[in-house]
Structure formats: C-alpha cells, structure tokens
Amino acid sequence: MIKKIAVLAGDGIGPEIMAEAIKVLNDLNSQMNLALEFENGLIGGAAYDEYGSPFPQQTIDLVKKSDAILLGAVGGKKWEVLDISVRPEKGLLRLRSTLGLFSNLRPAILYPQLADASSLKPELVSGLDLMIVRELTGGIYFGQPRGIRILENGERQGFNTAVYSESEIRRIGRSAFQIAQKRNKKLCSVDKANVLECTELWRTVMDEISVDYPDVQLSHMYVDNAAMQLVRAPKQFDVIVTSNLFGDVLSDAAAMLTGSIGMLPSASLDANGKGMYEPIHGSAPDIAGKGIANPLATILSAAMMLRYTFNLGEAAERIEKAVNDALDANVRTADIFSEGMTKVSTSEMGDAVVSALQNGAVV
Ligand code: IPM
Ligand code: MG
C-alpha cells in the first residue's frame, strides 16, 4: 500500500535539512520498495507569504489525507512583527492541535562519537539514552482565556491559562507508561505540584493510573529540580513525562547533553499512531542558506516515522545505523565539529548517510 507523506519544509534551514532527509528516504525507498510517496506543502512563514496564513487550508487538506507528516522548522525574524495569531509558530501549534498530536516523544541519545561535543563531562553523559514524553496539545500553550488586556488603571496585562483536564493527563500518562514498559521501566513525572493546582492534579492522576502498570517504577519530581538533575546526573532518567511547557524547556536542556540540538529527532503522535515528525531544533535563521546546518535530526526523524507510523522497524534501524556509520567515518557538520574531524556541509552529510546506506559504511 502506498504510504503518503506530507513534506512541510517550512522556514530558515527547514528546506536544506529536509532535502537531505528526502534524499535518504528516496534511497531507502528504492532499495527496499517501501512505497513511500511524498507531497510538498507550505507551513509557517513560507505559508504566510504565499497564502496569508501559517497553516492554510491547502496544508490542512494535505496533512489530513496523509499518513504521516515530515516537518523541517518554522519561524524567522522577518515574521516576528506579525500579529501573534498569524506568526509561523502558530502554524505548527495549529497543526499539532488539528491532528490531535498529543504525545510528543523526544529521545535524547548520546552517540559515543560525540561525547566530546557535550557540554558535560564524558562520564556524566556516556551511554545517555533518555526519552522525554511531552504533552503537546494542552496546558498553558492552548488554555483559555489568554491575551493582553488593558487594566482599569491603563496598565497592560498579559495573561495565559494553565489547564489540564483529567482525561488529557490520563492519555499522555498512559502513552508514557507504555513507552517505559518497552524501555527500562522507570518513569519520572515532572510537575510543579507544590505551587500549581493544575499540576497537583497531574501528579494525582499519574499515581492513579500507575496501578495499571505495576512493572513500571513511577517517581515524581518538581520541574526546577528536574532541570538541575538533567545537568547534574542525567543518566538517572529513563522516561520523563511532563506538560507542554515544561517539556518544551526540559527537552532543549536534554538536547544539549547529547552534544548538539542538531542531532535530536521527535515524533508527535495521535491516538492511532498517525504522526508528525520533526527535528526538535528551530529554523536557525542565522545560518539559513549557508549549507552548514546539521541534517541528522531530520534524517533521524524520518527514521522515527518509519518505525512509529509505518511499523517499518528494520528500515528505521538501517537509517539509524547509517547515521552512526557516517559519524564513525568522522564527518561532522559545524555544530558537532571537533579537532581532527572532517568538516562537511549539510548536503555532504546527507551524502555520507546515503553512502553508508548503500555500502554499509561511508566510502
Ligand atoms: C518546540 C518549539 C515550538 C514549541 C515552537 C516553535 C512553537 O520550541 O517544538 O519545542 O514551543 O513547542
Ligand atoms: Mg522548544
């Protein structure tokens, strides 16, 4: 059966890194007859420029009829002056909520070849393999009311609402417990239950559902402590489950442990495994168009797509192994470059992965 993939490259470095992921997928597609079919669409600033909306109807139709979505990145200086309702980031947020992609998986894995690129000492991060499960369609990101209002005294006031219903907490909790069951069976739920009622309920519901997963060891941690523990002793974690906002912040911190945010993929899944796959980094406008961005996070996101939406575990592993082989061949984009390595461009890194796919190693 044909597997329809919507390709939304987005802004900044988005098109450059996406081209490499498609290069890799095309190669694998022809080697393994995966029946992948791609259709391009616009999102973010690129969509705003063309249609006046960061998530136009054409793109809504495309993502709805597709089995999976591969996304580059959105945003850039040019669009920062726009009203918040049509900024590029809103396109991404609408995509997540329109498709009900509530479960966001952000793995942070340290490739041994990059231990030196981490900002932490190699012994603290070597062997690091943790998974952040971030709730993606609720919490303060979407809570109403929100806005900027004028008070009676004429002063402006910005306001947002942090809100989680029991059912939202339960479904992300179940996702996380199930992921923990397939890993080392340790789940840490991160909240701010000592201050925020919304997350006090989060903690209560996590405890309630834990009885259904007796094989998983559940612990709780306040978010400030979790931020500290992530940079103090990150290997204590296996799976972390947390809210939309806390997950946004903690996943950037976790990314840096692995050497570069340019290495980390993500999956955003709905209740049926349909998913959107994107690197966790942003559109990096400062380096856009220079051909120096690291395409590996996007290539690894494509591997996650094959695994989670299409159940093609073997194909996913081939991509992951090819990335590993490329690193073994000492090719490095600027963000992960260190003395003695060969510095390569975005497309050369893509070529190195394709070469590894074809030959079992980079030639
Ligand atoms: C992320 C990004 C987005 C978020 C932005 C671009 C809206 O930071 O995916 O982590 O805050 O969720
Ligand atoms: Mg973020």
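Residues numbered from 1 in each chain as written. Chains lettered and ligands numbered in written order. Predicted model: local features only at pLDDT ≥ 70, side-chain atom pairs only at ≥ 80, totals over all residues. Heavy atoms only, no water.

A.B. asks: Which residues make up empty space enclosed by the protein, and what are the values?
C.D. replies: Applying the stated criterion to the full structure yields one cavity of 30 Å³ or more. The computed volume of the largest cavity comes to approximately 40 Å³. Lining the largest cavity, in full, are K4, I5, A6, E37, F38, E39, L62, K65 and S66. Elements with a minimum of two residues in the lining of the largest cavity: strand 1 (3-10), strand 2 (36-41) and helix 3 (57-65). Residue classes in the lining of the largest cavity are distributed as four nonpolar, one polar and four charged. (1 Å grid on protein atoms, 1.4 Å probe; cavity = no way out; pocket = protein on both sides within 12 Å on 5 of 7 lines; lining within 4 Å. Points joined across faces, edges and corners; volume = space filled by probe spheres on them. Helix = DSSP H or I, 4+ residues; strand = E, 2+ residues; numbered from the N terminus. Nonpolar A, V, L, I, M, F, W, Y, C, P; charged D, E, K, R; others polar.)

A.B. asks: Go over the side chain of E135, please, and point to the residues and values.
C.D. replies: Along the chain, E135 turns up in strand 5 (residues 129-135). Within the buried core, E135 has no salt-bridge partner, and the shortest N-O distance to an opposite charge, that of R171, equals 4.4 Å. Within the local environment of E135, its side chain forms a polar contact with the backbone nitrogen of T137, the two atoms lying 3.2 Å apart. For E135, the side chain forms a polar contact with the side chain of Y164, separated by 2.8 Å. Among all residues touching E135, those that are not within four sequence positions of it are F102, Y164, R171, I172, W202, T242, S243 and N244. (Buried < 20%, exposed > 50% of the residue type's maximum accessible area, 1.4 Å probe, protein only. Lys, Arg positive; Asp, Glu negative; His and termini not counted. Salt bridge = Lys/Arg side-chain N within 4 Å of Asp/Glu carboxyl O. Polar contact = N/O pair within 3.5 Å; in protein donor to acceptor, adjacent residues only side chain to side chain. Contact = heavy atoms within 4.5 Å.)

A.B. asks: Kindly report on unusual backbone geometry, identifying the contributing residues and their values.
C.D. replies: Going from Q144 to P145, the amide bond is cis rather than trans, its omega being -5°. Looking at where P145 falls in the secondary structure, it is placed in the loop between strand 5 and strand 6 (147-150). Residue A35 is not a glycine yet carries a positive backbone phi of 60°. Counting through the fold element by element, A35 comes out in the loop between helix 1 (14-32) and strand 2. Assessed through its relative accessible area of 31%, A35 is described here as partly exposed.

A.B. asks: I'd like a rundown of the pattern of salt bridges, residues and numbers included.
C.D. replies: Tallying each qualifying case throughout the model produces 17 salt bridges. Put simply, E320 and R307 hold a salt bridge, and the shortest N to O gap is 2.9 Å. Taken as a pair, E320 in helix 11 (residues 313-328) and R307 in helix 10 (residues 296-308) lie far apart in primary sequence, 13 residues in all. A relative accessible area of 26% places R307 in the partly exposed class. With a closest N to O distance of 2.9 Å, K321 and D325 form a salt bridge. With K321 and D325 both in helix 11 and four residues apart, the pair spans about one turn of that helix. A cluster of three or more residues bridged by salt bridges with shared partners is formed by E20, K23 and D351.

A.B. asks: Mind laying out the domain arrangement of the chain, listing which residues take part and the relevant values?
C.D. replies: For the chain, the assigned domains are domain 1 (1-102 + 270-363) and domain 2 (108-263). Using only C-alpha atoms to locate each centre, domain 1 and domain 2 end up separated by 23 Å. On the domain 2 side, the residues contacting the 21 residues of domain 1 number 21 residues. Considering only the side of domain 1, the residues that lose the most area to domain 2 are R96, F102 and I280, jointly responsible for 34% of the buried surface there. On inspection of domain 1 and its partner domain 2, the count reaches zero salt bridges. Here domain 1 and domain 2 share seven residue pairs in polar contact (both at pLDDT 80 or more) between them. Considering only residue class, the side of domain 1 that touches domain 2 consists of 11 nonpolar, five polar and five charged. (Domains from an automatic or database assignment. Buried area = accessible area lost by both parts, 1.4 Å probe.)

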